[in-house]
Amino acid sequence: MESIKSCRSCASSKLTQILDLGVTPLADALVKPENLDKPEGTYPLSVVYCEQCTLIQIRETVPPDVLFCQDYPYYSSFSEALLKHSAANVAEIIARRKLGPEHLVVEIASNDGYLLKNYHAAGIPVLGIDPASGPAQRAMDIGVDTLVDFFTPALAQSLADEGKQADVIHANNVLAHVADTNGIVSALATLVKDDGEIVIEVPYVKDLIEHVEFDTIYHEHLCYFSGIALDKLFRRHGLYLNDVRRLSIHGGSLRLFLGKQEAVQDSVKELLAQERAVGMDTSTYYEDFAQRVDQLKHDLLALLQKLKSEGKSIAAYGAAAKGATMINYVGVGAELVDFVVDRNSYKQGLHMPGQLLPIFAPEKLLESMPDYLLILAWNFADEIRAQQSQYAERGGKFIVPVPKPAIL
């Protein structure tokens, strides 16, 4: 692990700390039953603001081969909401850009083919790039050509030299995962055609701060982006943020449309103006964040302890990375929560990092009927509540922790 001394984007040394989440295990490092008595690797987790380019980022960098390669448990296709979100995105781009068999679409961090399979079904050539062999194999099994590798400037140049420049590149929820922030953006610029388009989705730091979404902070997420910080980053590499949309997915995200030709639309100008109006280009905007995170921790613990004192049973839904940050920072262990459920079969039978709560299939809920279900994957709360309608009909109640702990 390395701790940065300068900004990942602009290299300024003017970094101001805005949050310290202590020393935590890796959020996706689920524990096998045979390893429960072995020590887990833990790493500091602190968040800083760059006074020069406004980028929010964590200080610590865990090597990517530790984070993403072996036994990486995230498979995108287990979320029905994400599948619908991605299919709609693809349909719009195919129609707008009139894509056909003569075009090429590339996705960085393509996971299990959840998005590219929509282009493939439409007869449009695709190439996925992802270092995690498990999800990549799933993609190849459904016909999505996938290169099992990290996306780097060298790889982008190699593909371009082979004539594989892309008409469209997707990069959803990956920009924040790469330590070489400038490297991945320069690689995108290399791989896209001069008249091509790069479509990026990132969690929006404004939503993170305003809704106290601290649990989306973990070692895989190195950066937390505003429009101001992104615009500066992209322009440094000859790319222009020409259009932007705010999305509700993942607790609030931005969909960014980039090109090599400058054609900035009002959506971008308005977003940047709004950010400056509320002070997102100053550290003042972020200075009370740590206090609000601490208050959420206090409120959630108090709620769970009160329910337990009343003899109530509690389970949790979502063995996601954000869930690991939540339970470890707040201190939600076996004395408060009996178990966790998750639809992802690759996580079932394992244990949450840190607190070591066991993970079961969602069917466990109806078998055990806990009184309350803490929704750790709150970004998919509506989907989870719909899936668990039978649990609710039997009297089960839901708890959401963000932006303020509440019983639904």
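Residues numbered from 1 in each chain as written. Predicted model: local features only at pLDDT ≥ 70, side-chain atom pairs only at ≥ 80, totals over all residues. Heavy atoms only, no water.

Novice: Explain the pattern of salt bridges residue by residue, including any values.
Specialist: Under the counting rule described, the total for this entry stands at 15 salt bridges. The partner of K260 in a salt bridge is D194, with the nearest N and O atoms 3.3 Å apart. Highlighted residues: K260 in the loop between β13 (253-259) and α9 (266-277) and D194 in strand β10 (residues 192-203), separated in sequence by 66 residues. Judged by its relative accessible area of 23%, K260 falls in the partly exposed class. One salt-bridge network, held together by shared partners, links E80, R343 and E383. (Salt bridge = Lys/Arg side-chain N within 4 Å of Asp/Glu carboxyl O. Helix = DSSP H or I, 4+ residues; strand = E, 2+ residues; numbered from the N terminus. Buried < 20%, exposed > 50% of the residue type's maximum accessible area, 1.4 Å probe, protein only.)

Novice: Which residues make up the sheet that holds strand β4 (residues 56-58), and what are the values?
Specialist: Reading across from one edge, β2-β3-β4-β11 is the order of the 4 strands in this open sheet, with antiparallel pairing throughout. Only two strands of the sheet have a single partner each, and these edge strands are β2 (15-25) and β11 (223-224). Strand direction decides the pairing type here: β2 and strand β3 (residues 42-50), joined by 8 bridges, are antiparallel. The residue of β3 that forms the bridge with L15 is C50. (Pairing = 2+ DSSP bridges.)

Novice: Can you break down the packing of aromatic side chains residue by residue, with the values?
Specialist: All chains considered together, the criterion is met by 5 aromatic pairs. When the centroid spacing of 4.9 Å and the interplanar angle of 85 degrees are considered together, the rings of Y285 and Y286 count as edge-to-face. No difference in accessibility class separates Y285 from Y286, as the two residues are buried. What links up through ring pairs into an aromatic cluster is the set Y49, Y285 and Y286. Positioned above the aromatic ring of W378 is the side chain of K322, whose terminal nitrogen or guanidinium carbon lies 5.1 Å from the ring centre. The ring of F360 carries the charged tip of K364 above its face, separated from the ring centre by 4.7 Å. (Phe/Tyr/Trp six-rings, centres within 6.5 Å; stacked < 30°, edge-to-face > 60°. Lys NZ or Arg CZ within 6 Å of the ring centre and 35° of its normal.)

Novice: Could you give an account of helix α11 (residues 321-330), naming the residues involved and the relevant values?
Specialist: A large share of α11 lies buried, amounting to 10 of its 10 residues. Among the residues making up α11, those that are buried are A321, K322, G323, A324, T325, M326, I327, N328, Y329 and V330. Elements in contact with the buried residues of α11: β2 and α10 (289-309). (Contact = heavy atoms within 4.5 Å.)

Novice: Describe the pairing of strand β17 (residues 372-375), with residues and values.
Specialist: Within a regular strand, side chains alternate between the sheet's two faces. Here β17 shows two buried faces, one formed by Y372 and L374 and the other by L373 and I375. Relative to strand β18 (residues 397-400), β17 runs parallel, the two sharing 3 bridges. Bridge pairing in β18 places L373 opposite F398.

The values are spatial; any link to function lies outside them.
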